[in-house]
Structures are given as structure tokens and as C-alpha cells.
Amino acid sequence: MNNFDFHNPTHILFGKGRITDLKDQIPDDAKVLIIYGGGSAERTGVLGQVRDALEGHSLVEFGGIEPNPRYATALKAVNIIHNEDITFLLAVGGGSVIDATKFIAAAALHDGDPWDILTSFGSVITQAMPFGSVLTLPATASEMNANSVITNPEKGAKLPFRSAHCFPVFSILDPEVTYTLPDRQIANGVADPFVHIIEQYLTYPVNAPVQDGFAETMMRTLIDLGPKALANPKDYEIRANLMWTATLALNGLIGAGVPQDWASHMIGHEITAYNDTDHARTLAVVLPSLMNDQRGPKCEKLLQYAANVWDIRDGSDNERIDAAIDATRAFFEDLGIKTRLSDYDVDASGIDHIVAALKDHGMTELGEHGEITPKDARRILEAAA
Ligand SMILES: NC(=O)c1ccc[n+]([C@@H]2O[C@H](COP(=O)([O-])OP(=O)(O)OC[C@H]3O[C@@H](n4cnc5c(N)ncnc54)[C@H](O)[C@@H]3O)[C@@H](O)[C@H]2O)c1
């Protein structure tokens, strides 16, 4: 196993009715900026629950964070923080709202151009405002990690950053608030954590049976429960297990002490920056093609994945790897997620654009060995056309 640091300070409050516990998580004298998205939190009544829970607190609200949150919108919230003397931020929404809140929390205390936060991938951050979250869409684990991804359409960029200062102080996970998710977001919320797990698992063995076993159990859980959540959207047990799996998939636990890949994500971000395709869908396009392309360096883990996740044990190495890739693609397609670039209107000129953007953004040495270059990304994308 590799050396690692593991520190995760986020307090999780999980279960039915937990939004009422908000009042105990935020200091009484805080001036709170509630940050939300395009209106689903209002329509579904979650914002109402939040306002009720925080009765007596001084509240200001900022709505309009987009899916794939925009840099310019986040900066508007930073202005409000300065003008209104806000002392605490509360994100109410999915990964986009929580990611935006992390950027806002850091930008509000950043001396200098906030764009530096993104171009430095977060390394310039020395402090951030305290913030919590009420999660409405389990998928990204943003509720329990220090990562964020911000889109700037003017610069054609979707850039990730990370900072130890950007963990939520707390996150409230009430599975009942996910009952209102449309099928598209339920499916995204299964595919996205699945690929998060893969990025921390499908590399090369380092004798880490606990991380591997945890990862394999979570993948089998997503494979089992994903279709069931689509068929029975108000089954509490299914939603609760999916919600916690999505959080554990990227809260640092299974990635501690093992090599990590993240090439599918970095290529996928450029697809979203190109035409706003849902994050999870970009991953479902890139991953099967990347698995096929990287079957040499990933051979041992691909065979382990075939056996322990899909129970594929017969045939030659190549036959088992083929079968595991087919099963992965079929899993996404059965969730209603298309797995070809042409399904998302990306043609040859789109691939040119995406490969050029990878170069522009310094994504030139991707994968667990740093050996996936833009030329390799082109081959992976062309095979996913
Ligand atoms: N921070 C991380 O570690 C991390 C990891 C993966 C992805 N991301 C980023 O997160 C973003 C995607 O986040 P997401 O997948 O959570 O989706 P999202 O936050 O973009 O939300 C998608 C849509 O679902 C709606 N919605 C949310 N909750 C709802 C509910 N309970 N009922 C009905 N509608 C609801 C929203 O209004 C929105 O229109 C992308 O920008 C992606 O790059 C971040």
C-alpha cells in the first residue's frame, strides 16, 4: 500500500428529517447566505424546510447557480458576501451548488484575482469561509470532500480545484429529499459515483485489499440498486443506500493509499466545457473506451474487476476484459445513459476542439502513470465516436 494522509473533517447528519437539525450546526449569531440553484430547491420544498429550520437566524439568499456552475455567477455571490457582511454559507442543492459554494467561500477571502484559484487548481487558497450543505442530489460527494469544478464559458474552460480549506463543516443527507429527482438525475447519480470508484480502483495492484473490497462492494451496490431506484423512486432504503454510496465513493476513504487515474474525468470535463453535456454522461462515454484503450497497463485490475464486480471468470484474459467492458457499457445504457459521442452531437471537429482544450489546460500527462497524452485522448475519443 502507498503512504497517505487521510483527514476528513465534515460532520455528516444522515437520515429522515435531519434538516431540522440545521439550527444546531450554524452559530446563532451567524449571518447566513443560502446558496441554491435554478429553482428545484424552492419547488420541491427543501428551501422551505431550510428556512423553517433556521428561523431566528439572519438569512440572505442567492439563487441561480447553474448546473456545471459558472464562474461569473459565483462572483456575484462573492459581492453579496462583502456587501452584506455574511459570515456563514449554506449550499442547498446538488454537486453544482456545493462546488460553487466552495469556490465562493475561497474567493471571498482571496487577495487577488479569483481566476488564480482555478488556474492554480486551488493551491493559492490559504483560507475559506465556513460553509455547510443540504444535499439534494447524491452523485458527486462534494458534500464530503474538498474538490470543486467551475465552468467559465468565456474561456471555454471547466477547471477543477482542491483545497484542504474547502471541506464543508457539515452536510445534511436526507434521502427523502431525493424522491423528486427526475430519472435523468437518478441515473447520473448512479453513473457518476460508479466512475469515481473506478478512477480510484482501476489502476494497478498495490496490495490494498480493504480499499479494493470496499470499492467492489460499492460498485456492486450501484449495479444492483441503480435500476431499482429508477423503478421505485420513493423506496427509502434504496435511496438511502445510494446516497451514502455516492458520498463514500469520493470522500477520500477508498482513494487513500492507492494509485488514482482521473483521466476519464479530465477528458469528460472538456466535453462538458464544449457543449454542456451532463458530467456523468461524459464519463459514461469516455470510460468504456478508455478501459479498452488502456487494457495493457490496467490488465491486472481489469481482470480483478471482471471477476469481483461482474462475476466474469471464464475465457482468456482478453475475452474477460472484453466482457467486463461490455457489461460496463450495458450498465450505463440500461440506466438510460448513452455511451457514444455521437449521442451528444460531438463529431470529428468536436474531438479536435476537446483535444486542443486538454492541451490548453495542461492536461497532458493523465492517468495513474501520467502517460495518457492528448494524442492518446484523441484515440480514446475517436473510438467512442
Ligand atoms: N466536487 C466534486 O468532487 C465533484 C465530483 C464530480 C462532479 N462534480 C461536478 O458536480 C456537477 C454536477 O453535480 P450533480 O450531478 O450533483 O448535478 P447538479 O447539481 O448540476 O444538478 C442537476 C440538476 O438536478 C436538479 N436537482 C437537484 N436536486 C434535485 C431534487 N432533489 N429534485 C429535483 N431536481 C433536483 C438541479 O436543479 C439541476 O437542474 C458538475 O459540474 C460536476 O463536474 C463535482
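Residues numbered from 1 in each chain as written. Predicted model: local features only at pLDDT ≥ 70, side-chain atom pairs only at ≥ 80, totals over all residues. Heavy atoms only, no water.

## What about the site of the ligand?
Next, step 1: Around the ligand lies a shell of 28 residues, among which G95, S96, D99, T136 and T180 are the nearest.
Next, step 2: Residue N68 places a side-chain N or O atom 3.2 Å away from an oxygen atom belonging to the ligand.
Next, step 3: Here N145 contributes a side-chain N or O atom positioned 3.0 Å from an oxygen atom of the ligand.
Next, step 4: For the ligand, the accessible surface in isolation is 880 Å², of which the surrounding protein chains cover 88%.
Next, step 5: Listed by contribution, the elements that provide at least two residues to the shell around the ligand are α4 (95-107), β6 (147-152) and α6 (183-201).
Next, step 6: Within the shell around the ligand, the residues separate by chemical class into 9 nonpolar, 16 polar and 3 charged.
Next, step 7: Of the domains in this structure, domain 1 (11-177) and domain 2 (181-383) are the two that each give at least three residues to the shell around the ligand. (Near = heavy atom within 4 Å. Polar contact = N/O pair within 3.5 Å; in protein donor to acceptor, adjacent residues only side chain to side chain. Areas by Shrake-Rupley, 256 points an atom, 1.4 Å probe, with all protein chains shown as cover. Helix = DSSP H or I, 4+ residues; strand = E, 2+ residues; numbered from the N terminus. Nonpolar A, V, L, I, M, F, W, Y, C, P; charged D, E, K, R; others polar. Domains from an automatic or database assignment.)

## Concerning the UniProt feature "domain: Fe-containing alcohol dehydrogenase-like C-terminal" (unreviewed entry) in the chain
Next, step 1: Per the UniProt annotation, the sites labelled "domain: Fe-containing alcohol dehydrogenase-like C-terminal" (unreviewed entry) are residues 188-383.
Next, step 2: Helix makes up 67% of residues 188-383 and strand makes up 0%, while its end C-alpha atoms are separated by 23 Å. (UniProt positions renumbered as here; feature names shortened; annotations may be inferred.)

## A word on the packing of aromatic side chains
Next, step 1: Per the stated rule, a full pass over the model turns up 10 aromatic pairs.
Next, step 2: Between F88 and F170, the ring centres sit 6.2 Å apart and the planes meet at 15°, which makes this aromatic pair stacked. One end of the pair, F88, is in strand β4 (residues 88-93); the other, F170, is in strand β8 (residues 170-173), with 82 residues separating them in the sequence.
Next, step 3: We classify F88 as buried; its relative accessible area is 4%.
Next, step 4: With a relative accessible area of 1%, F170 lands in the buried category.
Next, step 5: Connected via pairs of aromatic rings, a cluster forms that spans Y71, F103, W115 and F161.
Next, step 6: Against the face of Y236 rests K16, its NZ or CZ located 4.5 Å from the ring centre.
Next, step 7: Its end group placed over the ring of Y201, K301 keeps NZ or CZ at 4.6 Å from the ring centre. (Phe/Tyr/Trp six-rings, centres within 6.5 Å; stacked < 30°, edge-to-face > 60°. Buried < 20%, exposed > 50% of the residue type's maximum accessible area, 1.4 Å probe, protein only. Lys NZ or Arg CZ within 6 Å of the ring centre and 35° of its normal.)

## Considering the side chain of T101
Next, step 1: Mapped onto the fold, T101 is located in helix α4.
Next, step 2: Residues within four places of T101 in sequence aside, it is in contact with I35, L89, A91 and F131. (Contact = heavy atoms within 4.5 Å.)

## A short note on the packing of helix α7 (residues 209-231) against helix α11 (residues 299-310)
Next, step 1: Running from N to C, α7 and α11 point in directions that differ by 50°, and their axes come no closer than 10 Å. Accordingly, the angle class assigned to the pair α7 and α11 is oblique. Handedness of the crossing formed by α7 with α11: right-handed. Between α7, through D212, E216, M219, R220 and I223, and α11, the contact on the second element is made entirely by K301, Q304, Y305, N308, V309 and W310. (Axes fitted to C-alpha atoms, helices over the stretch in contact; angles between N-to-C directions. Parallel < 35°, antiparallel > 145°, perpendicular 65-115°, else oblique. Left-handed = near helix turned anticlockwise from the far one by under 90°.)

## With respect to the pairing of strand β5 (residues 131-135)
Next, step 1: Of all 5 residues in β5, 5 are buried; the element is thus mostly enclosed.
Next, step 2: Side chains of β5 alternate between two faces, with F131, S133 and L135 and G132 and V134 buried alike.
Next, step 3: As paired elements, β4 and β5 share 5 bridges and run parallel to each other. Bridge assignment links L90 to a residue of β5, and that residue is G132.
Next, step 4: Pairing of β5 with β8, which is carried by 4 bridges, proceeds in the parallel orientation. By the bridge assignment for β8, S133 is matched with S171. (Pairing = 2+ DSSP bridges.)

## Let's talk about the domain arrangement of the chain
When the parts come together, some accessible area is lost, and that loss is often what is quoted as the size of the interface.
Next, step 1: What the domain assignment reports for the chain is domain 1 (11-177) and domain 2 (181-383).
Next, step 2: Listed as interface residues are 28 residues of domain 1 and, on the opposing side, 25 residues of domain 2.
Next, step 3: Between domain 1 and domain 2, the buried area comes to about 2,200 Å², and carbon and sulfur atoms account for 68% of it.
Next, step 4: For D276, the salt bridge is made with R70, and the minimal N-O distance between the two is 3.5 Å.
Next, step 5: Connecting domain 1 to domain 2 are 4 residue pairs in polar contact (both at pLDDT 80 or more).
Next, step 6: Elements with a minimum of two residues in the side of domain 1 that touches domain 2: β1 (11-14), β6 and β7 (157-162).
Next, step 7: The element that contributes the greatest number of residues to the side of domain 1 that touches domain 2 is β7, accounting for 4 residues.
Next, step 8: Here the side of domain 1 that touches domain 2 is composed, by residue class, of 15 nonpolar, 7 polar and 6 charged. (Buried area = accessible area lost by both parts, 1.4 Å probe. Salt bridge = Lys/Arg side-chain N within 4 Å of Asp/Glu carboxyl O.)

## Points about the pattern of salt bridges
Next, step 1: Considering all chains together, one arrives at 18 salt bridges under this definition.
Next, step 2: E42 is the partner of R51 in a salt bridge, and the nearest nitrogen-oxygen pair spans 3.0 Å.
Next, step 3: Owing to a relative accessible area of 26%, R51 belongs among the partly exposed residues under this scheme.
Next, step 4: Note that K298 is salt-bridged to E368, the shortest N-O span being 3.0 Å. Taken together, the residues span a long stretch of sequence, with K298 in the loop between α10 (279-293) and α11 and E368 in the loop between α13 (348-360) and α14 (374-383) at a distance of 70 residues.
Next, step 5: One network of salt bridges, with partners in common, ties together E42, R51 and E61.

## Observations regarding unusual backbone geometry
Next, step 1: Positive phi, normally seen in glycine, also occurs at N68, with a value near 55°.
Next, step 2: Take N68: it is sitting in the loop between β3 (58-62) and α3 (71-84).
Next, step 3: One non-glycine residue, N207, lies in the positive phi region at around 55°.
Next, step 4: Looking at the secondary structure, you find N207 in the loop between α6 and α7.
Next, step 5: With relative accessibility at 65%, the residue N207 sits in the exposed group.

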